[in-house]
Amino acid sequence: VGGLTNVRALMERLPMENIIYFGDTARVPYGTKSRATIETFAMQIVDFLLENDVKALVIACNTIAAVAGQKIRQKAGNMPVLDVISAGAEAALQTTKNNRISISGTQAAPLLVPLVEEGWLDHEVTRLTVREYLKPLLADDIDTLVLGCTHFPLLKPLIGREAQNVTLVDSAITTAEATAKALAQAGLLNTENDNPDYRFYVSDIPLRFRTIGERFLGRSMEQIEMVTLG
C-alpha cells in the first residue's frame, strides 16, 4: 500500500499518463523475507506488468529496489526502470549543505507504518514517536533526511515541524520527477490523454485496503482487482 504515495506523485507530475499499480498485499512485508524469495516475487510482479504492455517500470518499494533492482533492469531490457532509492539518494546529495544525510526506513522506525495506516497523521502519539526517532539524528547535526519508507511522505508535515532545520527528501516526488525525465529522454511522454486510465491490482483485498489506499492517494480508487501470482 505504501507504493500508492508514488502513484499519487506520478499522477500529479504526469497527469496524462496511464498508470497500472500492483500491490502484493497477500505477501507483505517483504523486508523480513530472504533475497531469493524477494527476487522470485519481484519477477512475478514484473511479468504481470509486462503482460499489460507497460512502457516503463517504477519500483515503488525500497526492499525490492535494494534486493531485486538489478534483476528487474535485466528483465526489462531497454525499458526505463526507476526506483525510489536511486531518486531519493540523488536528491539528497544535491540538497545537503554539510554532507550529513540521514535515511529513515521502515526497520529503523517500525512504529510509524501502523500509525500511518491507522490514519494518525497528526496524532499526539505519532508526534511523540517521531520525536523519539529523530533525537539521535538531530544530535548528529543532519541537514537532510530521506524519507526512506513509502509510508513516510504522509508524515511530512509532522516530521517537518519536529525537524525544522532539516530538509526532507520525499522519494515519491523525486521518483516521479526522475520518471518524467526518463520518459522525455526516451520520447515516451504521453501529451494527448485528458482521461488517463488508472488500474489498481492487488494480490489480496483486505477489508481496509480501499480506506487506507484512498488516504494515500488523496482520491477515490474506482477500480481495484485481485490477481493471484505464482
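Residues numbered from 1 in each chain as written. Predicted model: local features only at pLDDT ≥ 70, side-chain atom pairs only at ≥ 80, totals over all residues. Heavy atoms only, no water.

(A) How the structure looks around the confidence of the model for the protein. When pLDDT is averaged across the protein, the result is 94; 100% of the residues are at 70 or more. Looking over the protein, one finds the lowest element-wise mean pLDDT in helix α9 (residues 209-217), namely 90, and the highest in strand β2 (residues 57-59), namely 98. (pLDDT = per-residue confidence, 0-100. Helix = DSSP H or I, 4+ residues; strand = E, 2+ residues; numbered from the N terminus.)

(B) Expanded view of helix α8 (residues 171-185). Look at α8: 21 Å from first C-alpha to last across 15 residues, which is about the 21 Å you get at 1.5 Å a residue. Burial in α8 covers these residues: S171, A172, T174, T175, A176, T179, A180, A182 and L183. On its buried face, α8 sits against α1 (4-13), β2, β3 (81-83), α4 (84-95), β5 (144-148) and β6 (167-170). Measuring from the backbone nitrogen of A172 back to the side-chain oxygen at the start of α8 gives 2.9 Å, which picks out D170 as the cap. (Expected span 1.5 Å × (residues − 1). Buried < 20%, exposed > 50% of the residue type's maximum accessible area, 1.4 Å probe, protein only. Contact = heavy atoms within 4.5 Å. Polar contact = N/O pair within 3.5 Å; in protein donor to acceptor, adjacent residues only side chain to side chain.)

(C) Examining the packing of aromatic side chains more closely. Within this structure, the stated rule accounts for four aromatic pairs. Both rings, one in F22 and one in F48, keep their centres 5.6 Å apart while their planes meet at 55°; by these two values the pair is tilted. Of this pair, F22 sits in strand β1 (residues 19-23) while F48 is found in helix α2 (residues 35-51), placing the two residues 26 residues apart along the sequence. Of the two residues, F22 and F48, both sit in the buried class. Look at Y30 and F41: their rings are 5.7 Å apart centre to centre, the planes differ by 50°, and that puts the pair in the tilted class. Here F41 lies in helix α2 and Y30 lies in the loop between β1 and α2, a separation of 11 residues in the sequence. (Phe/Tyr/Trp six-rings, centres within 6.5 Å; stacked < 30°, edge-to-face > 60°.)

(D) Representation of the pattern of salt bridges. Counted under the stated rule, the structure contains 16 salt bridges. The partner of K55 in a salt bridge is E17, and the shortest N-O contact between them spans 2.8 Å. Of the two residues, K55 is situated in the loop between α2 and β2 and E17 in the loop between α1 and β1; the sequence distance between them amounts to 38 residues. A salt bridge links D83 to R73, with the nearest nitrogen and oxygen atoms 2.8 Å apart. Here D83, found in strand β3, pairs with R73, found in helix α3 (residues 62-76); they are 10 residues apart in sequence, far enough to count as distant. (Salt bridge = Lys/Arg side-chain N within 4 Å of Asp/Glu carboxyl O.)

(E) A look at a nonpolar patch on the surface. A cluster of nonpolar side chains, L93, I101 and I103, forms an exposed patch at the surface whose accessible area comes to about 310 Å². Tracing the backbone through its elements, the reader meets I101 in strand β4 (residues 101-105). (Patch = residues over 30% accessible without salt bridge, like charges linked within 9 Å, V, L, I, M, F, W, Y side chains within 5 Å. Areas by Shrake-Rupley, 256 points an atom, 1.4 Å probe, with all protein chains shown as cover.)

(F) How the structure looks around the sheet that holds β6. Strands sit in the order β4-β5-β6 across an open sheet of three strands; the sheet is parallel. Every interior strand has two partners, whereas the edge strands, β4 and β6, have only one. This sheet shows a mean twist of 25° between the axes of neighbouring strands, independent of strand direction. In the sheet, β4 pairs with β5 via five bridges, with the strands oriented parallel. Looking at the pairing, I101 lines up with T144 of β5. Lying on the sheet, α4 is in contact with β4, β5 and β6; it crosses β6 at an angle near 155°. The strands touched by α8 within the sheet are β5 and β6, with β6 carrying the most contacts at an inclination of about 55°. (Pairing = 2+ DSSP bridges. Axes fitted to C-alpha atoms, helices over the stretch in contact; angles between N-to-C directions.)

(G) Structural view of the sheet that holds strand β7 (residues 198-202). In space, the three strands of this open sheet follow the order β1-β7-β8, with parallel pairing throughout. Whereas interior strands pair on both sides, the edge strands pair on one side only; in this sheet they are β1 and β8 (224-226). Taking each pair of neighbouring strands and ignoring which way they run, the sheet shows an average axis angle of 25°. Note that β7 and β8 share three bridges and pair parallel. Looking across to β8, one finds that Y201 is bridged to E225. Relative to the sheet, α1 contacts β1 and β7, its axis offset from that of β1 by approximately 175°.

(H) Expanded view of unusual backbone geometry. Of note, the amide linkage connecting V28 to P29 takes the cis form, showing an omega dihedral of 0°. Inspection of the secondary structure puts P29 in the loop between β1 and α2. Of note in this structure, D53 is not a glycine but carries a positive phi near 60°. Relative to the elements of secondary structure, D53 occurs in the loop between α2 and β2. By relative accessible area, which is 69% here, D53 ends up exposed.

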